[in-house]
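Secondary and tertiary structure notes
In case you want the letters, here they are:
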Amino acid sequence: KAQVVFGAWLRSFREAQGLTQEALAERADLHTNYVSSVERGEPNLSLHNIVRLAYALDIGASELVQCLDKRK
């Protein structure tokens, strides 16, 4: 399931930067509960929120979604 893969990938980026879910949510202007649910693979994310999360992590959106590229 793409959402589960993406959520785990997001969590790895967040943890690598030493951020809590709360800190990432604040940087992305999203609710902490939303970030938590994304990391669990629950919601189907909008492109807008993917971009917000990528900017909050100071990475490109393409880097954040590369986990979904079946060629990798």
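As the structure is a prediction and not an experimental result, all values here were calculated from the model.

Now for the overall build of the protein. When you go through the protein residue by residue, the secondary structure sums to five helices and zero strands. Listed by position from the N terminus, the elements making up the protein come as α-α-α-α-α. Computed over its C-alpha atoms, the radius of gyration of the protein comes to 11 Å, within 12% of the 11 Å expected for a compact globule of 72 residues. The principal-axis extent of the C-alpha atoms belonging to the protein is close to 35 × 25 × 20 Å. Counting over 72 residues, the protein shows a buried share of 38%. Of the contacts made within the protein by residues no fewer than 6 positions apart, 56% connect residues no fewer than 24 positions apart. Carbon and sulfur atoms form 50% of the exposed surface of the protein, whose accessible area is close to 4,400 Å². Side-chain charges of the protein comprise 9 positive and 9 negative groups, with the mean position of each set lying 8 Å from the other.

Quick look at the pattern of salt bridges now. Under the defined criterion, the tally for this structure stands at five salt bridges. Residue Glu39 pairs with Arg11 through a salt bridge whose shortest N-O separation is 3.6 Å. Separated by 28 residues along the polypeptide, Glu39 in helix H3 (residues 32-39) and Arg11 in helix H1 (residues 2-16) bring together distant segments of the chain. Judged by its relative accessible area of 28%, Arg11 is partly exposed. We note a salt bridge from Asp29 to Arg52, for which the minimum N-O separation is 3.4 Å.

Before going further, it helps to spend a moment on the nonpolar core. Residues Phe6, Leu10, Leu24, Leu53, Leu57 and Leu64 are the most contacted members of the largest nonpolar core, which totals 18 residues. Mapped onto this core, the elements with two or more residues apiece are H1, helix H2 (21-28), H3 and helix H4 (47-56). Leave out the neighbours within four places in its chain, and Leu10 touches Leu24, Val38, Glu39, Leu53, Leu57 and Leu64.

About the criteria used
- Residues numbered from 1 in each chain as written.
- Predicted model: local features only at pLDDT ≥ 70, side-chain atom pairs only at ≥ 80, totals over all residues.
- Heavy atoms only, no water.
- Helix = DSSP H or I, 4+ residues; strand = E, 2+ residues; numbered from the N terminus.
- Rg over C-alpha atoms; globule rule 2.2 N^0.38 Å.
- Buried < 20%, exposed > 50% of the residue type's maximum accessible area, 1.4 Å probe, protein only.
- Contact = heavy atoms within 4.5 Å.
- Areas by Shrake-Rupley, 256 points an atom, 1.4 Å probe, with all protein chains shown as cover.
- Lys, Arg positive; Asp, Glu negative; His and termini not counted.
- Charge placed at Lys NZ, Arg CZ, Asp CG, Glu CD.
- Salt bridge = Lys/Arg side-chain N within 4 Å of Asp/Glu carboxyl O.
- Core = buried A, V, L, I, M, F, W, Y, C linked by side-chain atoms within 4.5 Å.

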